[in-house]
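# Analysis of the macromolecular model
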Amino acid sequence: MTASSIGKICAAVIGCGRMGAVTSDAMRRFAPAAWMPLSHAEAVVTQPSLELVGVCDIEPGLLASAVARFGVPGYADYHELLDNLRPELVTVATRTPERPDIISAAVAAGVRALHLEKPLCNSVAQLTQLEALLATPSLACTFGTLRRYMPIYRRALELAGGAEFGGLNQVQVNMGKAPLMWTHPHSIDLLLFFAGDRRVKSVSAHFAESSVERQGSRLDGDPVVVSVLFEFDDGLTGLIGQTGGCDVILAGSNGTITVESDGRRLRMRSSEGDDAYWDRLCVEEADGDPGGTRLALDRLVDGLNGNTNQVLADKRAILTGQRLLLACGQSHLAGGAAVDPNELDPDLVITGRSGNRYA
Ligand SMILES: NC(=O)c1ccc[n+]([C@@H]2O[C@H](COP(=O)([O-])OP(=O)(O)OC[C@H]3O[C@@H](n4cnc5c(N)ncnc54)[C@H](O)[C@@H]3O)[C@@H](O)[C@H]2O)c1
């Protein structure tokens, strides 16, 4: 383990764009407080057990700004950063195509904790390699799907487990008419978060045809999702459609729980006695505390300190979520047929490209 000069865990950030170091103005203006600090570097410097020891970006201007702002050495090549600084914790905020190689290099360099941006990768072949690489129980991982770490989503999970709710039947995630690889890693992670230990049996997906080009087993583009149905082993269903608002709706036999507007508030509807109308309303506002990427880093630090249960569960969710994203692509290629996520075409690729940028 590499300890900093002041006994903290050495951490480095690879990729100094918006998620790495420069939170976008739109997020600062509109996102609920629980999303800040959002950028990896901003979150690392607020975590008391971590010391930011270096940053990396191939773009000289962004690297120079991050070096100036955070006062740490900058590297244009992540191999050099890993060799010279030997960080124990690394965060990866590049786009997806370079991510699997960066993860492999970090693991080879002895990194023991990774915070990774979503999505994980672009193909079944890469996923298979990453499943093997990340299998080491001592490697802790968290993901950019931050809602699972936020208190208001955890509160919704707790309420959905209550006897009054009558059991969870359906989870619906409303992220608007949105691209699979950019937006829906968040939706799928929410489904997995609320589904807990249940297993997805099948995935049926439809994309807007014009949003993606088929080239055999390769989907070039970032497919705009029309609908996805996830069927779990106990009958729970997960739905992604085109409704917006950044809400997630949990449906139980006796009511609904909605986490609204990316966690601004939680709204529960239920009935009085046998009333078929769910007119009893209870609203809880978010506490207004900060959180964001810092919440994921807190969990990684916990993992490094030996509390591994949650980070191991996160790692499973990261890999399963990526499998489900790819299963959406396979289902679309099969005309929307139900696909078993454990039986994916080994040649399947989803590039996640929008113009010359990747998800
Ligand atoms: N968690 C979230 O809510 C959330 C929000 C937005 C974006 N994202 C994800 O975060 C990732 C980054 O998105 P962004 O908007 O910050 O992108 P960005 O383009 O602003 O930043 C990516 C940075 O990575 C750098 N980079 C590329 N290759 C590199 C390499 N080999 N070594 C070092 N640096 C390299 C680029 O120069 C760029 O500065 C994407 O995968 C995106 O899907 C997550």
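The shown structure was predicted, so the numbers you read here are calculated from the model rather than taken from an experiment. (Residues numbered from 1 in each chain as written. Predicted model: local features only at pLDDT ≥ 70, side-chain atom pairs only at ≥ 80, totals over all residues.)

Along the backbone of the protein there are 10 helices and 19 strands. With the C-alpha coordinates aligned to their principal axes, the bounding extent of the protein is approximately 65 × 50 × 35 Å. Taken over 359 residues, the protein has a buried fraction of 50%. If you take every contact in the protein between residues at least 6 apart in sequence, the share linking residues at least 24 apart comes to 69%. (Helix = DSSP H or I, 4+ residues; strand = E, 2+ residues; numbered from the N terminus. Buried ≥ 20, exposed ≤ 12 C-beta atoms within 10 Å, placed from the backbone. Contact = placed C-beta atoms within 7 Å.)

A word on the site of the ligand. Around the ligand, the surrounding shell holds 24 residues, and the nearest of these are Gly-15, Gly-17, Met-19, Glu-117 and Gly-144. Class assignment for the residues of the shell around the ligand results in 11 nonpolar, six polar and seven charged. (Near = placed C-beta within 6 Å. Nonpolar A, V, L, I, M, F, W, Y, C, P; charged D, E, K, R; others polar.)

Right, let's get into helix 6 (residues 124-133). Those residues of helix 6 that fall on the buried side of the exposure criterion are Val-124, Gln-126, Leu-127 and Leu-130. Down the axis, helix 6 shows its buried residues gathered within 150 degrees of arc, on one side only. Looking at the packing, one finds that the buried side of helix 6 touches helix 5 (99-108) and helix 10 (309-333). (Arc of directions from axis to C-beta.)

Here we take up the sheet that holds strand 16 (residues 280-285). The strand order 8-11-12-7-13-14-15-16 describes an open sheet built from eight strands, whose pairing is mixed. Here the strands that pair on one side only, and so sit at the sheet edges, are strand 8 (200-207) and strand 16. The average angle at which neighbouring strand axes cross in this sheet is 10 degrees, direction not considered. Both strand 8 and strand 11 (residues 225-232) contribute to a ladder of seven bridges, which runs antiparallel. Across the sheet, residue Ser-202 finds its bridge partner in strand 11, namely Glu-231. Running at roughly 175 degrees to strand 14 (residues 255-260), helix 7 (residues 151-160) makes contact with strand 7 (168-174), strand 13 (247-252), strand 14, strand 15 (265-270) and strand 16 of the sheet. Sheet strands in contact with helix 10 are strand 8 and strand 11, and its direction is about 55 degrees off that of strand 8. (Pairing = 2+ DSSP bridges. Axes fitted to C-alpha atoms, helices over the stretch in contact; angles between N-to-C directions.)

A cis amide bond links Met-36 to the next residue, Pro-37, at an omega of 0 degrees. As for its placement among the helices and strands, Pro-37 is situated in the loop between helix 1 (25-30) and helix 2 (40-46). Cis geometry is adopted by the peptide bond preceding Pro-119, which originates at Lys-118 and carries an omega value of -15 degrees. Along the chain, Pro-119 falls in the loop between strand 5 (113-116) and helix 6. The phi angle at Cys-246 is positive, at roughly 55 degrees, despite the residue not being glycine. Note on placement: Cys-246 falls in the loop between strand 12 (237-240) and strand 13. Even without a glycine there, the phi angle at Ser-261 is positive, about 50 degrees. One can find Ser-261 in the loop between strand 14 and strand 15.

Look at helix 8 (residues 180-195) against helix 10: their axes get within 9 Å of each other, and the N-to-C directions meet at 125 degrees. It follows from the interaxial angle that helix 8 and helix 10 lie oblique. With respect to the hand of their crossing, helix 8 and helix 10 are arranged in right-handed fashion. Where helix 8 approaches helix 10, its residues Leu-180, Met-181, His-184, Pro-185, Ile-188, Asp-189 and Leu-192 are matched on the opposing element by Ala-317, Thr-320, Gly-321, Leu-324, Leu-325 and Cys-328. (Parallel < 35°, antiparallel > 145°, perpendicular 65-115°, else oblique. Left-handed = near helix turned anticlockwise from the far one by under 90°.)

A few words on the pairing of strand 7. A regular strand carries its side chains on alternate faces of the sheet. As defined by bridge partners, strand 7 adjoins strand 13 across six bridges and the pair is classed as antiparallel. In the strand pairing of strand 13, Asn-174 is matched with Asp-247. Relative to strand 12, strand 7 runs parallel, the two being bridged by four bridges. Across the sheet, Val-173 pairs through a bridge with Ile-240, a residue of strand 12.

Let us now look at the sheet that holds strand 10 (residues 218-220). Taking strand neighbours across the sheet as the criterion, the three strands line up as 9-10-17 in an open arrangement whose pairing is mixed. Taken across any chain shown, the strands that pair with only one partner, and hence form the sheet edges, are strand 9 (213-215) and strand 17 (349-350). One ladder, built from two bridges, connects strand 10 with strand 17; its direction is parallel. When the sheet's bridge partners are listed, Arg-218 is paired in strand 17 with Val-349.

Turning next to the pairing of strand 13. Here strand 13 lies mainly inside the structure; five of its six residues are buried. Here five bridges tie strand 13 to strand 14, and the two strands are oriented antiparallel to one another. When the sheet's bridge partners are listed, Val-248 is paired in strand 14 with Val-259. Linkage of strand 13 to strand 14, two consecutive antiparallel strands, is achieved through a turn of two residues.

One can read the domain layout of the protein as domain 1 (9-147 + 292-311) and domain 2 (148-290 + 320-358). Relative placement of domain 1 and domain 2: their C-alpha centres are 25 Å apart. Put simply, the parts of the chain that give the side of domain 1 that touches domain 2 at least two residues each are helix 6 and helix 9 (293-304). Broken down by element, the side of domain 1 that touches domain 2 gets its largest block of residues, four residues, from helix 9. (Domains from an automatic or database assignment.)

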